[in-house]
Amino acid sequence: EDEDDVRRYVCDVLTPTYHVIEAADGADGLAQARVHLPDVIVSDVAMPVMDGLTLCRTVKSDPDLGFLPVLLLTAMADVTDRVAGFDAQADGYLAKPFDARELLATVRSLLASRAALRERLSRVAPLSSARSSPTDRPPEPPTVVDAFPDAVSASDELREQIEAAVHEHFADADFSARELADTIGMSPAHLRRRMGELGMASPVQTIRAYRLGQGALLLKKKVGTVAEIAYAVGFNSVSYFTRSFRDAYGDTPSAYGEAGARDEKTER
C-alpha cells in the first residue's frame, strides 16, 4: 500500500492478531514476499512501480510463491475491476472503504481455506507411494547436522530405533520430539542427552532434517507440487518448508527439483 495512512490502518487492524510486514509498493511487496514467504498477501491495486494486479499475477506464476493467497484492496470496485482482479488469480477482493471486521474475517477465511487444503493434500496417495524405504537415504543438506551419523556399535540398536521411528512418523505433522521420545520409551531430556552422546543432532533437528531429505527426494522425482510435497513430509506450512529447505540446501524447493530433474536426464 503506497498511502501511508491506509497502510498504517491495515497494519493496526491486523497486528494484534498477526505478524505484519509492510511494503510501500508492489515491487517492494514482491521482494518482501520472496524473503519472508508470508501466509497471506494483502495488497492495494493502484500503486506506483508495480500495481496490485501485476503483483498478483507475478506471485501466482512463481512456483515458489504461487501457493500464497492474495487479497486485493481497492477503491475501484465496479464489476470490471473485480473481474480484472480475479483474472489475475486474486483469492479475495475488498472495496475501500472496508470495515476492520470485514478485513479480519476475510484474512481468517483465506487462512482457513489453506488449512483445509493442507489437510487434503497431506493425504495425497501418489506422494505416499513415492516415499523412500528406510534404506533409501535422502541426500543430506550441507548446512544441517547429519541426522543419522554412524554410531558406535554398542549404540547401534538405539540409533536404529530412532531412525525407524522417524521414518515411520515423519509425514505426521504432529510427530514432535516428545512423540519421538515416547516411541523410543525415554523422557525427552534423556533422549536428547543420549542422541548427543551418539553425536547425533537433537530430536527436533533430526526430525526436520529427515523431513527435508524426504522432501528433496520427492522434489527430484517431481511427484507433486511444492505444496503437496511440503504437506506430505509433515510440514504444516508451505512457507516454513520453503524457508527451511532454502536454509538447508541453499536453493528453493522448485529450483532444486528442476535441477534434480535435469541431472537425471543428463545421467540417462
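Above this text sits the structure in question.
Per-chain numbering applies: the sequence of each chain, read as written, is numbered from 1 onward. pLDDT decides what is reported in this predicted model: residues at 70 or higher carry local features, side-chain atom pairs at 80 or more are listed and counted, and totals for whole chains, interfaces and linings draw on all residues regardless. The basis for the side-chain values is all heavy atoms of the structure; hydrogens and waters are excluded.

(A) How the structure looks around a negative patch on the surface. The grouping of D172, D174, E179 and D182 at the surface amounts to a negative patch. Each helix corresponds to a stretch of at least 4 residues labelled H or I by DSSP, and each strand to a stretch of at least 2 residues labelled E; elements are numbered beginning at the N terminus. Relative to the elements of secondary structure, D174 occurs in the loop between α7 (156-169) and α8 (177-184). Note on patches: the residues involved have over 30% relative accessible area and no salt bridge, like charges join within 9 Å, and the nonpolar side chains Val, Leu, Ile, Met, Phe, Trp and Tyr join within 5 Å. To be clear on the numbers: accessible area is Shrake-Rupley with a 1.4 Å probe, and residue cover counts the displayed protein chains and nothing else. Any carboxyl oxygen of Asp or Glu that lies within 4 Å of a side-chain nitrogen of Lys or Arg is treated as forming a salt bridge with it. In this tally, Lys and Arg are treated as positive and Asp and Glu as negative; His is ignored, and so are the chain termini. Taken as the charge centre is NZ of Lys, CZ of Arg, CG of Asp or CD of Glu, depending on the residue.

(B) Molecular detail of the packing of aromatic side chains. Between the rings of Phe, Tyr and Trp (Trp by its six-membered ring), a pair exists once the centres lie within 6.5 Å; its type follows the angle of the planes, with under 30 degrees stacked, over 60 edge-to-face, and the other angles tilted. Here the structure, examined in full by the defined rule, presents nine aromatic pairs. Measuring from ring centre to ring centre gives 5.2 Å for F235 and F241, while their planes differ by 65°; the resulting arrangement is edge-to-face. The classification of residues rests on relative accessible area computed with a 1.4 Å probe and restricted to protein chains. Under 20% of the type maximum is buried, over 50% is exposed, and intermediate values are partly exposed. A relative accessible area of 0% means that F241 is categorised as buried. Site record: aromatic cluster; members linked through ring pairs are F235, Y240, F241, F245, Y249 and Y256.

(C) Spatial organisation of the packing of helix α10 (residues 203-221) against helix α12 (residues 238-249). As a packed pair, α10 and α12 sit with axes 10 Å apart at the nearest point and diverge in direction by 90°. Classed by the angle they form, the pair α10 and α12 counts as roughly perpendicular. Residues R208, L212, G213, G215, A216 and L219 of α10 form the contact with α12, whose own contacting residues are Y240, F241, S244, F245, A248 and Y249. Here the residues of the contact of α10 with α12 are counted per class, giving eight nonpolar, three polar and one charged. Helix axes use the C-alpha atoms of the stretch in contact, all axes being lines fitted to C-alpha atoms, and the angles between their N-to-C directions lie in the range 0 to 180 degrees. Here is the rule for angles: anything less than 35 degrees is roughly parallel, anything more than 145 is roughly antiparallel, 65 through 115 is roughly perpendicular, and the remaining ranges are oblique. Contacts: residue pairs with any heavy atoms within 4.5 Å of one another. Note that Gly is not counted as nonpolar here; it falls among the polar residues with everything else outside the nonpolar set of Ala, Val, Leu, Ile, Met, Phe, Trp, Tyr, Cys and Pro and the charged set of Asp, Glu, Lys and Arg.

(D) Focus on the pairing of strand β2 (residues 70-74). Most of β2 is tucked away, with five of its five residues classed as buried. For the handedness criterion, the β-α-β arrangement of strand β1 (residues 41-44), helix α3 (residues 52-61) and β2 is classed as right-handed. Here the term right-handed applies to a crossover when the path leading from its first strand over the helix to its second strand runs clockwise, the strands being oriented away from the viewer.

(E) Examining the sheet that holds β1 more closely. A pair of strands is considered paired only if DSSP assigns at least 2 bridges between the two. In spatial order, the strands read β1-β2-β3; together these three strands make up an open sheet with parallel pairing. Unpaired on one side and paired on the other, β1 and β3 (92-95) mark the two borders of the sheet. Along the sheet, successive strands turn relative to each other by an average axial angle of 20°, direction set aside. Bridging between β2 and β3 involves four bridges; their strand directions are parallel. Looking at the pairing, L73 lines up with L94 of β3.

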